[in-house]
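# Summary of the model geometry
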Amino acid sequence: MVFGVMARAVEYDGDDAARIHHLIKVHAFARIIGKAEGFDENNQKITELAAILHDIGIHNAEEKYHSTDGKYQEMESEPVAREILKDAHIPSWIIDRVCYIVGHHHTLTAIDGMDFQAVVEADMLVNIFDRNVTDKEKITLIRDRVFKTKKGKSLLTQMYLGENYGK
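## Considerations on empty space enclosed by the protein
- Overall, the coordinates contain one cavity of 30 Å³ or more when judged by the stated rule.
- In this model, the largest cavity occupies a volume close to 60 Å³.
- Every residue lining the largest cavity is listed: D13, R19, H22, L23, I52, H54, D55, I56 and I58.
- Broken down by element, the lining of the largest cavity gets its largest block of residues, three residues, from helix α2 (residues 17–36).
- Tallied by class, the residues present in the lining of the largest cavity amount to four nonpolar, two polar and three charged.

## So, the side chain of E48
- Position of E48 among the secondary structure elements: in helix α3 (residues 41–53).
- At 2.9 Å, the side chain of E48 forms a polar contact with the side chain of Q44.
- Residues in contact with E48, not counting those within four places in the same chain, are V2, H27 and R31.

## Some thoughts on unusual backbone geometry
- Residue H66 is not a glycine yet carries a positive backbone phi of 55°.
- Looking at the element boundaries, H66 is found in the loop between α4 (58–65) and α5 (70–87).
- H66 sits in the exposed class, given a relative accessible area of 71%.
- One non-glycine residue with positive phi stands out, namely H89, at about 60°.
- Turning to its location among the elements, H89 is positioned in the loop between α5 and α6 (92–102).
- Judged by relative accessible area, H89 falls into the exposed class, the value being 70%.

Reading the values: rules and limits
- Residues numbered from 1 in each chain as written.
- Predicted model: local features only at pLDDT ≥ 70, side-chain atom pairs only at ≥ 80, totals over all residues.
- Heavy atoms only, no water.
- 1 Å grid on protein atoms, 1.4 Å probe; cavity = no way out; pocket = protein on both sides within 12 Å on 5 of 7 lines; lining within 4 Å.
- Points joined across faces, edges and corners; volume = space filled by probe spheres on them.
- Helix = DSSP H or I, 4+ residues; strand = E, 2+ residues; numbered from the N terminus.
- Nonpolar A, V, L, I, M, F, W, Y, C, P; charged D, E, K, R; others polar.
- Polar contact = N/O pair within 3.5 Å; in protein donor to acceptor, adjacent residues only side chain to side chain.
- Contact = heavy atoms within 4.5 Å.
- Buried < 20%, exposed > 50% of the residue type's maximum accessible area, 1.4 Å probe, protein only.

So this is what it looks like as structure tokens:
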């Protein structure tokens, strides 16, 4: 299930290596967080599927709105994610949950479960590195305001708040 959706998402992103790397890294961190936090099988699947598909509409956002702004990503990603999940014969209740997360993943006030939380944390772990955020005060603020999982906080601290990061 997860592998098939991953393969389809990579195919969908075509020759956009940066987007493919992003979805793979976000998926890996979301998987680690979910496993470390003891998610049950269904929440783990939902977390991983949402992590894979969270930015799947970014090309449509760029094309329609000439922007990758989060609100456009949310608007454009949900319908593409739904189609990919339907094609993969994912149960409708999982599709609905994954699409809710994908359609709101830049809206922190919409976080309503640990599956959603894990996706947001995984995305932030990747974005901090990809955007070369090195201000430790800013990173600490992100951790303290956004991160809720023990594993997410631990990963952020380990990777970005140690003395070697940003040198």
